[in-house]
Protein chains: 2
Amino acid sequence: MMQEFERIERLRKRVEGTVNKHVKVAIGDDAAVVGTEPDEDHVVTTDTMVEGVHFLPTTMSWYDIGYKCMAASVSDVAAMGGRPIAAVLALAVPEELDFEHLEMVYDGVAGLCKEFSCSLAGGDLTRTSGPLVLTSTVLGAVPKDRALLRSGAQPGDVVFVTGQVGTSAAGLELLVGTAVVPVDSQLELRQAHQRPLPQVTAGQILLDAGASACNDISDGLASEANEIAAMSGVRLRIDSARIPISPAVRDFSRAVRKNPLDYAWYGGEDYQLIGTASSRSFAVALARCESVGVKLTAIGRVEAGDGVVAEDENGTLNVIEAKGFNHFSK
Amino acid sequence: MMQEFERIERLRKRVEGTVNKHVKVAIGDDAAVVGTEPDEDHVVTTDTMVEGVHFLPTTMSWYDIGYKCMAASVSDVAAMGGRPIAAVLALAVPEELDFEHLEMVYDGVAGLCKEFSCSLAGGDLTRTSGPLVLTSTVLGAVPKDRALLRSGAQPGDVVFVTGQVGTSAAGLELLVGTAVVPVDSQLELRQAHQRPLPQVTAGQILLDAGASACNDISDGLASEANEIAAMSGVRLRIDSARIPISPAVRDFSRAVRKNPLDYAWYGGEDYQLIGTASSRSFAVALARCESVGVKLTAIGRVEAGDGVVAEDENGTLNVIEAKGFNHFSK
């Protein structure tokens, strides 16, 4: 039986490559010490992932589980226009879980952290009689008093999203189902579900360009768009035809006879960003995003009013409710 | 069935009194925004509590559960010499848990946070098929480059502890057992287990006074003293007779025919501080602690060497192993 000390030491080794100059003391003391910069605020956010609720052994590898739990929190930092600095990870581990699998979880955590120069600076490890529970908390930095909030959308602003939406939800259905789709599309769908890439670069560009509001898409476009509408006291009017949906999601939707827009609106965990900006700011952001290979798409306008409405190809307006993403139940 | 939004809103109300001027954006956006001060570093720490591992319905009220999960992280901030600023709380909640009980958990969180002017600034709420899992993460502030670490103990330093130790562990045994002890002692023991008070004031005094090392006592004096010895590359020599043990623990020990020192060494969750300081710094800290009603006791000396040794009344030296606290099982 391994001693607690040896277990911690072996897990620490898995993440020791995740360092940056802002973290002065990492794993090994009561708390991590993170330096501050005079022109920056810190942002902090936490996310929990539970086996059987957010993932199954059939939908995610051990590596994916660690990667994605961190990605969820880093995505929140991205939505504020920030860059991640330090992360802590708390795990409640079933006794029957092999230690080697736990090491793979940490490899995934390290993989995501290295991608964004974020230091895994601490954590807690405990056991549980229930399913595996992971909680990531990420500390990020944003320019002082300039964090991108959900509350700044103004009538007349452009509504935009980064990347493509609905891909993760289609990926999850592919993983638990029996749909037949081309191999390339399968790969893209699975990747979107298992290893979503938080939009840190896009968030920083959007903040620099003066975007007025931003939200990350963890619970689906419908839910996140409604949050911006509610917090800003405006209506978001979306042109459904402009919502960027991957050909892989269209392939999958055909195979399961569903409307691809349903994945886009109600699928979650894409970790793309939805936001608003004046036409001028949007143009600046679009040019910068294009120059670094980030897809940014205008999908609608902000109006006076409330809620979210979608205009379809026939000009019909539909109210989009804030329905969320329900993982494996209901 | 309550909507997710309404649940979050009702829980938010429970903690809305936990505010401070450092938190610019609290619950309600992708992340909380926390201001920084040019002369401070931030510290960050996380703790997980699992039903059946760290508590049982018979040992803790719902309020206590919320209070104590936060206390665990605030205690780590105290051990760095810091003050807590912002906290986030992630919960994995069994479906059968009454919402009213969840509200009481948040009341306990709010109770602890208000005690230390810490803002509950965010969180995550998810369900689980297993036991209740709580993860608190606390962000604190310390004077720049002066965080109290475990690694600074020097031969010749005084070893000290705050308060009294072993009380929480005796309290837990009282709660799950059948020992007969006086009512006043019962009250003190239970209180120590259910509502331990993190030593934030003591930590700040110790930092100001120039203490050389510090660690909070979450896993028992033996374990924490060994951590300081290992991280500092020194030996801690403790005079067993000087370890501050409450009369209530002595009452309880008599009732269960155990050595009170066993609770002191190996009992956990006291959330007191153990540390080291030069004689001069210790004298300064002692005077300041006395002036604010904080008990500080010299219990030994730092020597060249390694590990922890305890000298008993007969002058016999015993090596104290880094055994931890085992909650309800191994």
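This is a predicted model, so every value here is computed, not measured. (Residues numbered from 1 in each chain as written. Chains lettered and ligands numbered in written order. Predicted model: local features only at pLDDT ≥ 70, side-chain atom pairs only at ≥ 80, totals over all residues. Heavy atoms only, no water.)

## A few points about the overall build of chain A
In terms of helices and strands, chain A carries ten helices and 13 strands. Relative to the globule expectation of 20 Å for 330 residues, the C-alpha radius of gyration of chain A, 20 Å, shows essentially globular dimensions. Dimensions of chain A, computed from the C-alpha atoms along their principal axes, are close to 65 × 55 × 35 Å. Residue burial in chain A is summarised as follows: out of 330 residues, 58% are buried. A fraction of 84% describes how many contacts in chain A between residues 6 or more apart in sequence connect residues 24 or more apart. Only carbon and sulfur atoms are counted for the fraction: they give 49% of the accessible area of chain A, which is about 12800 Å². (Helix = DSSP H or I, 4+ residues; strand = E, 2+ residues; numbered from the N terminus. Rg over C-alpha atoms; globule rule 2.2 N^0.38 Å. Buried < 20%, exposed > 50% of the residue type's maximum accessible area, 1.4 Å probe, protein only. Contact = heavy atoms within 4.5 Å. Areas by Shrake-Rupley, 256 points an atom, 1.4 Å probe, with all protein chains shown as cover.)

## A short note on the domain arrangement of chain A
As a measure of interface size, the accessible area lost when the parts come together is often cited. All names here are of chain A. What the domain assignment reports for chain A is domain 1 (4-143) and domain 2 (158-319). Using C-alpha coordinates to define each centre, domain 1 is positioned 26 Å away from domain 2. Summing both partners gives a buried area of about 1900 Å² for domain 1 against domain 2, and 61% of it is carried by carbon and sulfur. Applying the counting rule to domain 1 against domain 2 returns two salt bridges. (Domains from an automatic or database assignment. Buried area = accessible area lost by both parts, 1.4 Å probe. Salt bridge = Lys/Arg side-chain N within 4 Å of Asp/Glu carboxyl O.)

## Some remarks on the packing of aromatic side chains
Residues and elements named next belong to chain A. Taken as a whole and assessed by the stated rule, the structure comprises four aromatic pairs over all chains. With 5.8 Å between their ring centres and 70° between their planes, F252 and Y263 make a pair best called edge-to-face. Of this pair, F252 sits in helix α8 (residues 247-256) while Y263 is found in helix α9 (residues 260-266), placing the two residues eleven residues apart along the sequence. Accessibility classification places F252 together with Y263 in one group, the buried group. Over the aromatic face of Y266 sits the side chain of K323, whose NZ or CZ is 4.5 Å from the ring centroid. (Phe/Tyr/Trp six-rings, centres within 6.5 Å; stacked < 30°, edge-to-face > 60°. Lys NZ or Arg CZ within 6 Å of the ring centre and 35° of its normal.)

## Quick word on the interface of chain A and chain B
The interface is formed by 56 residues belonging to chain A together with 56 residues belonging to chain B. For the pairing of chain A and chain B, the buried interface totals around 4300 Å² over both sides, and the portion due to carbon and sulfur atoms is 54%. It is D30(A), V44(A) and R127(A) that lose the most area in chain A upon contact with chain B, and together they represent 16% of the buried surface on that side. Taking the shortest distance from any N to any O, the salt bridge between R150(B) and D29(A) comes out at 3.8 Å. For the interface between chain A and chain B, the tally reads 25 residue pairs in polar contact (both at pLDDT 80 or more). Of all the secondary-structure elements, those providing two or more residues to the side of chain A that touches chain B are β1 (23-25), β2 (32-34), β3 (40-50), α2 (62-79), β4 (83-94), β5 (119-128), β6 (133-143) and β8 (213-216) of chain A. Taken together, the residues of the side of chain A that touches chain B sort by class into 23 nonpolar, 17 polar and 16 charged. (Polar contact = N/O pair within 3.5 Å; in protein donor to acceptor, adjacent residues only side chain to side chain. Nonpolar A, V, L, I, M, F, W, Y, C, P; charged D, E, K, R; others polar.)

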